[in-house]
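Below, each chain spelled out in residue letters.
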Amino acid sequence: MGFREINSKMIEATVVPGQRLFSQRGAMLAYKGDVSFTPNMAGDQGGIMSMIGRRVANEDTPLMTVEGNGTVLFGHGGHHIQVIDLTGDTLCVEADRLLAFEGTLQQGTLFLGSQGGVMGMVRGQISGQGLFTTTLKGHGSVAVMAHGGVLEVPITPQRPVHVDPQAYVAHHGDVRNKLSTALGWRDMVGRGSGEAFQLELSGSGAVYVQASEEKL
């Protein structure tokens, strides 16, 4: 199937019998053919942990299961859309920035900052960043949303990348992640995201960064 980019804010997906798509509720702009949209409350391939992860990340809106025979136009809120094609690797993406993905991909949950220990948990809560991200693994296409466009930044063993948590969209590859702060504990209290908080990504892969820190 795959996704075809119509412009920077809209994609077209082909739906064929026997295969499913999943999309964020409210993402359907128009469709042609015999296509059905069903709210999915069960957590899908990720099971209960995937569902809990989305709840902890404040994603109360269930995904929609898209089936049938036709084409669908997807977009949401006028946000920039980036299509990422997976060829067996794993993509980690913020739940609220996930627009649509093919049912051939296995869905799960990752605790962002888990390698940062207890302090990573505390800092993640203070920054307002969702601690859980959605993981998608296998072969298929994913469409993610962002403010003001997306830049793919390579991650190499010799050069880790530090990202503002609010600018983080997704990452893939053999990557370790760690939440940290550039300020002391007293300076950190009462502050939101920004340069005070950093998401350090090291290893081999790439991270997708949005042009604006505005939340979706």
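Cut-off values and rules
- Residues numbered from 1 in each chain as written.
- Predicted model: local features only at pLDDT ≥ 70, side-chain atom pairs only at ≥ 80, totals over all residues.
- Heavy atoms only, no water.
- Helix = DSSP H or I, 4+ residues; strand = E, 2+ residues; numbered from the N terminus.
- Buried < 20%, exposed > 50% of the residue type's maximum accessible area, 1.4 Å probe, protein only.
- Contact = heavy atoms within 4.5 Å.
- Areas by Shrake-Rupley, 256 points an atom, 1.4 Å probe, with all protein chains shown as cover.
- pLDDT = per-residue confidence, 0-100.
- Pairing = 2+ DSSP bridges.
- Salt bridge = Lys/Arg side-chain N within 4 Å of Asp/Glu carboxyl O.
- Phe/Tyr/Trp six-rings, centres within 6.5 Å; stacked < 30°, edge-to-face > 60°.
- Polar contact = N/O pair within 3.5 Å; in protein donor to acceptor, adjacent residues only side chain to side chain.

Participant: Can you walk me through the overall build of the protein chain in this structure?
Facilitator: In terms of helices and strands, the protein chain carries three helices and 13 strands. Residues classed as buried in the protein chain amount to 47% of the 216 residues present. Partitioning the contacts of the protein chain with sequence separation of at least 6, the portion at a separation of at least 24 is 82%. In the form shown here, the protein chain has an accessible surface area of approximately 9,900 Å², with 51% of it arising from carbon and sulfur atoms.

Participant: Would you take a moment to explain the confidence of the model for the protein chain for this structure?
Facilitator: Atomic detail in the predicted coordinates should be set aside for any region of low pLDDT. When pLDDT is averaged along the protein chain, the result is 79; 70% of the residues meet or exceed 70. No element of the protein chain has a lower mean pLDDT than helix 2 (residues 117-127), which averages 42, and none a higher one than strand 2 (residues 10-15), which averages 96. Segment residues 115-130: pLDDT under 50, and 35 contacts once partners within four positions in sequence are set aside and those in other chains are kept. Low pLDDT, under 50, characterises residues 185-194; the predicted model gives this stretch 17 contacts beyond four residues in sequence or across chains.

Participant: Which parts of the structure should I look at to understand the pairing of strand 5 (residues 63-74)?
Facilitator: Residues in a regular strand point their side chains to alternate faces of the sheet. Pairing of strand 2 with strand 5 involves five bridges; the strand directions are antiparallel. Along strand 5, the bridge assignment pairs Glu12 with Leu73. Pairing geometry for strand 3 (residues 21-24) and strand 5, over four bridges, is antiparallel. Residue pairing in the sheet places Phe22 in a bridge with Thr65 of strand 5.

Participant: I keep staring at the pattern of salt bridges and nothing clicks. Help me out?
Facilitator: Per the counting criterion, the structure on display carries one salt bridge. Put simply, Arg4 and Glu12 hold a salt bridge, and the shortest N to O gap is 3.1 Å. What makes Arg4 partly exposed here is its relative accessible area of 49%.

Participant: Where do I start with the environment of His76 in this structure?
Facilitator: Along the chain, His76 turns up in the loop between strand 5 and strand 6 (80-94). Spatially, the C-alpha atom of His76 lies 8.0 Å from that of Met145, the residues being 69 residues apart in sequence. Beyond its immediate chain neighbours, meaning those up to four positions away, His76 contacts Gln24, Arg25, Gly26, Ala27, Leu99 and Met145.

Participant: Sorry if this is basic, but what is going on with the packing of aromatic side chains here?
Facilitator: Two numbers describe a pair of aromatic rings. These are the distance of the centres and the angle of the planes. This structure, assessed with the given rule, holds two aromatic pairs. Judged by centre distance (5.3 Å) and plane angle (25 degrees), the rings of Phe22 and Phe101 are stacked. Residue Phe22 is found in strand 3, and its partner Phe101 is found in strand 7 (residues 98-102); the two are separated by 79 residues along the sequence. Residue classification places Phe101 among the buried positions, given a relative accessible area of 0%.

Participant: Honestly, the side chain of His171 in this entry has me stumped. Any pointers?
Facilitator: Its location among the elements puts His171 in strand 12 (residues 168-181). Of note is the side chain of His171, whose polar atom sits 2.7 Å from the side chain of Tyr168. Ignoring sequence-local partners within four residues, the contact set of His171 consists of Thr90, Leu91, Cys92, Leu110, Leu201, Ala206 and Val207.

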